[in-house]
Amino acid sequence: MLKQYLDRAKEIIGERTASEIAHDNAVVDALNSGLPIEAALSLAAKQHPNEALQWDSGNINDIAAHYDYLKQHEQIMKKLQMKNRK
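About the cut-offs
Residues numbered from 1 in each chain as written. Predicted model: local features only at pLDDT ≥ 70, side-chain atom pairs only at ≥ 80, totals over all residues. Heavy atoms only, no water. Helix = DSSP H or I, 4+ residues; strand = E, 2+ residues; numbered from the N terminus. Buried < 20%, exposed > 50% of the residue type's maximum accessible area, 1.4 Å probe, protein only. Contact = heavy atoms within 4.5 Å. Areas by Shrake-Rupley, 256 points an atom, 1.4 Å probe, with all protein chains shown as cover. Lys, Arg positive; Asp, Glu negative; His and termini not counted. Charge placed at Lys NZ, Arg CZ, Asp CG, Glu CD. Salt bridge = Lys/Arg side-chain N within 4 Å of Asp/Glu carboxyl O. Core = buried A, V, L, I, M, F, W, Y, C linked by side-chain atoms within 4.5 Å. Axes fitted to C-alpha atoms, helices over the stretch in contact; angles between N-to-C directions. Parallel < 35°, antiparallel > 145°, perpendicular 65-115°, else oblique. Nonpolar A, V, L, I, M, F, W, Y, C, P; charged D, E, K, R; others polar.

Peer 1: Help me understand the overall build of the chain in this model?
Peer 2: Within the chain, the secondary structure is distributed over four helices and zero strands. Along the chain direction, N to C, the helices and strands of the chain fall in the order α-α-α-α. By its C-alpha atoms, the chain is 40 × 25 × 20 Å across when sized along the principal axes. Burial analysis of the chain (86 residues in total) assigns 24% to the buried set. Sequence separation of at least 24 residues holds for 58% of the intrachain contacts in the chain that already meet a minimum separation of 6. When the accessible surface of the chain is split by element, carbon and sulfur atoms take 53% of a total near 6200 Å². Of the charged side chains in the chain, 11 are positive and 12 negative; the average position of the first set lies 12 Å away from that of the second.

Peer 1: Can you walk me through the pattern of salt bridges in this structure?
Peer 2: Between side chains of opposite charge, a pair can form as their charged atoms come close. A full pass over the atoms with the stated rule returns five salt bridges. Glu11 is the salt-bridge partner of Arg8, the closest N and O atoms lying 3.0 Å from each other. Of this pair, Arg8 and Glu11 both sit in helix H1 (residues 2-13), three residues apart, which is roughly one turn of that helix. Residue classification places Arg8 among the partly exposed residues on the basis of a relative accessible area of 46%. With a shortest N-O distance of 2.8 Å, Arg16 and Asp24 are connected by a salt bridge.

Peer 1: Which parts of the structure should I look at to understand the nonpolar core?
Peer 2: Most often, soluble globular proteins have nonpolar side chains that are buried together. Core analysis: the biggest nonpolar cluster contains 16 residues, and Val27, Leu31, Ile37, Leu41 and Tyr67 have the highest contact counts within it. Counting only elements with at least two residues in this core, the list comes to H1, helix H2 (18-32), helix H3 (37-47) and helix H4 (60-85). Discounting chain neighbours no more than four positions away, the residues touching Val27 are Ile37, Ala40, Leu41, Ala44 and Tyr67.

Peer 1: Please explain the packing of H2 against H4 as it appears in this structure.
Peer 2: When two helices pack together, their arrangement is captured by the angle between the axes and the distance separating the axes. One way to put it is that H2 packs onto H4 with a least axis distance of 10 Å and a crossing angle of 85°. In terms of orientation, H2 lies roughly perpendicular with respect to H4. On H4, the residues that touch His23, Asp24, Asn25, Val27, Val28, Leu31 and Asn32 of H2 are Tyr67, Leu70, Lys71, Glu74 and Gln75. Taken together, the residues of the contact of H2 with H4 sort by class into five nonpolar, four polar and three charged.

Peer 1: Help me understand the side chain of Glu51 in this model?
Peer 2: In this fold, Glu51 is placed in the loop between H3 and H4. Arg16 provides the closest opposite charge to the buried, salt-bridge-free Glu51, at an N-O distance of 9.8 Å. Aside from chain neighbours lying at most four places away, what touches Glu51 is Thr17, Ser19, Glu20 and His23.

These figures come from the coordinates and say nothing about function on their own.
So this is what it looks like as C-alpha cells:
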C-alpha cells in the first residue's frame, strides 16, 4: 500500500529540479503559516523568481489543489519518517 501511494505521489508531483522543489516548499510553508494561495505564490515568487508561476482566476483553483496535495503529502511523509525512527 505504501509503495502504491509513493508511486502515485511521484506521478502527481512529477520530476522537479532542486529550484522547483525550493519554490514548492516556499509555497507550502506560506500556506502552513495561514496565507491564502495567492499570497503564498507571491511570496515564493519573490524568493524564487525563476520558478514563479503565472496564475489567474482561470487556473488558481487547479494550482491551489496541487499545493494542497503537496501540503498533505509533506505531512504524510513526516509521519512516516517519525514512525520509522521508533
